[in-house]
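Residue-level structure breakdown
So you can see what is in the structure, the chains are spelled out below.
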Amino acid sequence: MSKFDRRNFIKTTSLTAAFASSYVFSSTDSRKNEQMYMGDFSAPKLNKIKAAFLGVGYRGKGHLKLFASLPGTEVVGISDLYEENILKSNKILENMNISTDSIKTFWGDDKKWKKMLSEVMPDIVFISTDWNSHGEMAVETMKNGAHAFVEVPLAMTIKELWDIIDTSEKYKKHCMMMENVNYGREELMFLNLIRNGQLGDLLHGEAAYIHDLRFQMNEETRGTGSWRTLEYEKRRGNLYPTHGLGPVSQYMNLLRSEDTFKTLVSFSSPAMGRKKFGKENFPSNHKWNNLNYQNGDINTSIIKTYLGRTIMVQWDETSPRPYTRLNLIQGTKGILAGGPTRAAFDKGFENYTKDSKEWVKGEGIDRLYEKYDHPLYKRLNNQTKNTGHGGMDGIMMYRIVECLKNGLPLDQNVYEGCAWSSLIELSSNSVNNDGEPQSFPDFTRGDWVNTNTFDIIS
Ligand SMILES: NC(=O)c1ccc[n+]([C@@H]2O[C@H](COP(=O)([O-])OP(=O)(O)OC[C@H]3O[C@@H](n4cnc5c(N)ncnc54)[C@H](O)[C@@H]3O)[C@@H](O)[C@H]2O)c1
């Protein structure tokens, strides 16, 4: 199909899909009069952005540093459970020659953050606490008149995700889940290749978070492992789906007029690795050895989209193996895959390959990057390359600030954060029911068909 025919085909099929979706997938009441669809929402420009930070542990401190390094920003409040983290955050700012005199700090109990929201009246709040507090904190942030920027996942339950949607639509506030992986060089380059038509029509994606995090169990009382280890007992299914799924969702233009999430099935392997690690590394009466690790070590879900495309999503934070997000996308003209970056095209690539029977790699991949690096990466790489996760954290923060200052829609809307995070409960329900198919809630209530594509392509 020509590019034009392809777009027409997709548009016609999508419109049929949208019609069906508006009644098949809605699982809550219709939008109330006071609510507004937020798919392409842009807030009034902010000349100076006043931010409060809620949770400044491992991740929150990184956001604080990146935000404060950009012009036209001001830190007005910091909240954490522990004074030590507040002091370390202040030190970060002082080392950047930023005065901390007027920053209000809140610590010491788990409700002080509410005081911060009402007392410092920030424009935006960065929420980087443990998974179970995100939902409530995002909702309260918006009710207090601020935009919410929330670490992954956005919330753990579909009920909380609907609360976030309803609040964002009522108070007209952004709620962006900060999926940094969508700003990775590889992911942006793949997006650029896809939008340039180099893969043809998309058929299938593979996304994952496979990261051996057993070492976090050494954080016994504070820090990530102290709360994350408990999650392997609480739930079954995929606990951390968004790093892999976010980019594949935007490659396929899911929730952005072309296609959307439809159904999911999910299975988990036996749960063995955490118990084994606990036994081998902690005394027999240690709290880690009294947990019932019921969540299978490896979870595999398959999503079917409305156009019938498939996405395999895997999660494994326990098994001994190297890190990967898979990041694979198959089209009718070729395939792209991550870890390490590979590509194959039906017609080959320049002098490097002659058809799709061999991967473009090595110098061929260098040439592919040279030719198809995303314009956003090219524009920002010089200033962000030394920031976290290979530069993706810096690009994400730059874009958040740039969009807020210029009154532009954000690169990830509230519906994307909710759909990507909904895998947690959907996969759990499917695993608990021997792989029974689960329907995705349509958080857009049928309006995904009117939402513009991820638009920083030029
Ligand atoms: N996007 C990424 O690449 C990435 C990387 C690491 C972590 N994360 C995410 O970031 C979030 C935080 O993870 P982390 O590793 O920084 O954990 P962490 O335990 O190091 O930090 C969480 C902080 O939140 C604070 N906190 C918890 N409840 C609070 C409350 N009621 N009031 C005030 N402060 C509170 C804790 O004191 C702690 O300092 C998680 O959602 C995690 O999944 C994302």
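Residues numbered from 1 in each chain as written. Predicted model: local features only at pLDDT ≥ 70, side-chain atom pairs only at ≥ 80, totals over all residues.

Turning to the sheet that holds strand 1 (residues 49-54), a few remarks are in order. Here we have six strands laid out as an open sheet, ordered 3-2-1-4-5-6, and parallel in their pairing. Each having just a single partner strand, strand 3 (104-107) and strand 6 (175-177) make up the two edges of the open sheet. The sheet shows a mean angle of 20° between the axes of neighbouring strands, taken without regard to direction. With four bridges joining them, strand 2 (residues 73-80) and strand 3 adopt parallel strand pairing. If you follow Ser79 over to strand 3, its bridge partner there is Phe106. (Pairing = 2+ DSSP bridges. Helix = DSSP H or I, 4+ residues; strand = E, 2+ residues; numbered from the N terminus. Axes fitted to C-alpha atoms, helices over the stretch in contact; angles between N-to-C directions.)

What follows covers the environment of Gly394. Positionally, Gly394 belongs in helix 13 (residues 392-406). Once the C-alpha coordinates of Gly394 and Tyr183 are considered, the two residues, 211 residues apart in sequence, prove to be 8.8 Å apart.

If you walk across this open sheet you meet the eight strands as 13-12-11-7-10-9-8-14, and the pairing is mixed. Only two strands of the sheet have a single neighbouring strand rather than two, namely strand 13 (342-345) and strand 14 (438-439). As defined by bridge partners, strand 8 (residues 261-268) adjoins strand 14 across two bridges and the pair is classed as antiparallel. Across the sheet, the residue bridging to Thr263 is Ser439, located in strand 14. Helix-sheet contacts for helix 15 (residues 423-432) involve strand 8, strand 9 (299-305), strand 10 (310-316) and strand 14, and the interaxial angle to strand 8 is about 55°. (Contact = placed C-beta atoms within 7 Å.)

Val125, Phe149 and Ile164 are the most contacted members of the largest nonpolar core, which totals 105 residues. Of the residues that make up this core, three or more belong to each of domain 1 (49-179) and domain 2 (181-450). Once residues lying within four places of it in the same chain are set aside, the contact partners of Phe149 are Ile124, Val125, Phe126, Ile127, Met176, Met178 and Ile400. (Core = buried A, V, L, I, M, F, W, Y, C linked by C-beta atoms within 7 Å. Buried ≥ 20, exposed ≤ 12 C-beta atoms within 10 Å, placed from the backbone. Domains from an automatic or database assignment.)

We now examine helix 6 (residues 158-171). Between its first and last C-alpha atoms helix 6 spans 20 Å; for 14 residues at 1.5 Å apiece the expected length is 20 Å, and the two agree. Of the residues making up helix 6, those classed as buried are Ile158, Glu160, Leu161, Ile164, Ile165, Thr167, Ser168 and Glu169. Contacts from the buried residues of helix 6 go to helix 5 (134-143), strand 6, helix 14 (414-421) and helix 15. Lys172, located one to two residues past helix 6, shows a positive phi value of around 55°. (Expected span 1.5 Å × (residues − 1).)

Per the domain assignment, the segments making up the protein are domain 1 (49-179) and domain 2 (181-450). Computed from C-alpha coordinates alone, the two centres of domain 1 and domain 2 are separated by 24 Å. Taken together, the contacts link 31 residues of domain 1 with 32 residues of domain 2. Elements with a minimum of two residues in the side of domain 1 that touches domain 2: helix 2 (58-68), helix 6 and strand 6. A class-by-class count of the residues in the side of domain 1 that touches domain 2 yields 21 nonpolar, eight polar and two charged. (Nonpolar A, V, L, I, M, F, W, Y, C, P; charged D, E, K, R; others polar.)

Quick look at the confidence of the model for the protein now. This prediction gives the protein a mean pLDDT of 93; 93% of its residues lie at or above 70. For residues 1-26, every residue scores under 50 in pLDDT, and the model assigns this stretch 29 contacts once sequence neighbours within four places are set aside. (pLDDT = per-residue confidence, 0-100.)

Time to look at the packing of helix 6 against helix 14. Direction vectors running N to C along helix 6 and helix 14 enclose 175°, while the axes themselves pass 10 Å from each other. The orientation of helix 6 with respect to helix 14, classified from their angle, is roughly antiparallel. In this structure, helix 6 uses Leu161, Ile164, Ile165 and Ser168 to contact helix 14, whose residues at the interface are Val414, Cys418 and Ser421. Of the residues assigned to the contact of helix 6 with helix 14, the class counts are five nonpolar, two polar and no charged. (Parallel < 35°, antiparallel > 145°, perpendicular 65-115°, else oblique.)

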